[in-house]
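# Breakdown of the fold
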Amino acid sequence: DNKENLNDNIVFVFQPAEEDTGGAEPLMKAGIFKKYNVDEVYGLHIHPDFPEGYIGCKAGYLMAQNGEIDVEIIGKSGHGAIPQNTIDGIVIGANFVTSVQIIVSRNLNPMEGAVLTFGKMAAGSIRNIIAENVKLEGTMRCFNPEIYDTMKKRLFEFAKGFEIAYNCKVNVTIDDGYLAVNNDENLFDEFVEAVGKEKELYPYLLYYVTTEYCTFQTMKARGIPCERSYFYEMRRRFYSIIARRIR
């Protein structure tokens, strides 16, 4: 209805598989952004904590970089009544989860911020048998790529230390996820001016959640002539990429 009021050409792109296999790469490889000579990209995501009709956004880092952590601990099983002949995988796993928390509290600059969470531990078969194998699943998140590399390095170092300390085997696998979303400051100022700072803009606090939108922010480095990109959230039931071509 407002097409005649637009100052620029706008392309709406609906991205599939944002939280599954990832839809950003296929969209970029399909050549959509080159085909329409897109200069700027605006990403839109839902956020149920915001009041309906409001938009949450900020300049700079908005969403975190993430990595998925899998840890396998191999000890030695045996009867709970004869622990001296075993290598208790559950004790080792519990200590591993507790010990690596100092990576965030003592190995990183507290002004940077990061989270390291293990949400799943699988071990054992029965109450009186010491578990041989333990599997841990966790996630690591931060905004600074250097912090992310430090966290990875320290996790592998802890694994080696635990192997020596507990006479066990510790295998750590880290699957690098999405990069952090880092909003263009000039585009943020333009966006705020357009939507109205007092009426519709909702204060956005940093969360360590992630999104695949970061992939679109790498287009210029990949030879796709898109100068700037921006991501924001609002309380709605859809996800899209709004691409703008300047005349």
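All of the points below concern the structure found in this document. (Residues numbered from 1 in each chain as written. Predicted model: local features only at pLDDT ≥ 70, side-chain atom pairs only at ≥ 80, totals over all residues. Heavy atoms only, no water.)

### Points about the pairing of strand E9 (residues 133–142)
- In terms of burial, E9 is a largely internal element, 7 of the 10 residues being buried.
- As defined by bridge partners, strand E5 (residues 65–74) adjoins E9 across 10 bridges and the pair is classed as antiparallel. Bridged to Ile73 within E9 is Val134.
- Strand direction decides the pairing type here: strand E7 (residues 114–123) and E9, joined by 9 bridges, are antiparallel. In the sheet register, Lys120 faces E9, and the bridge partner there is Glu137. (Buried < 20%, exposed > 50% of the residue type's maximum accessible area, 1.4 Å probe, protein only. Helix = DSSP H or I, 4+ residues; strand = E, 2+ residues; numbered from the N terminus. Pairing = 2+ DSSP bridges.)

### A few points about unusual backbone geometry
- A positive phi angle is found at Asn37, which is not glycine, with a value near 50°.
- As for its placement among the helices and strands, Asn37 is situated in the loop between helix H2 (32–35) and strand E2 (40–46).
- Owing to a relative accessible area of 45%, Asn37 belongs among the partly exposed residues under this scheme.
- Unlike most non-glycine residues, Asn167 shows phi in positive territory, near 55°.
- In this fold, Asn167 is placed in the loop between helix H5 (145–166) and strand E10 (169–176).

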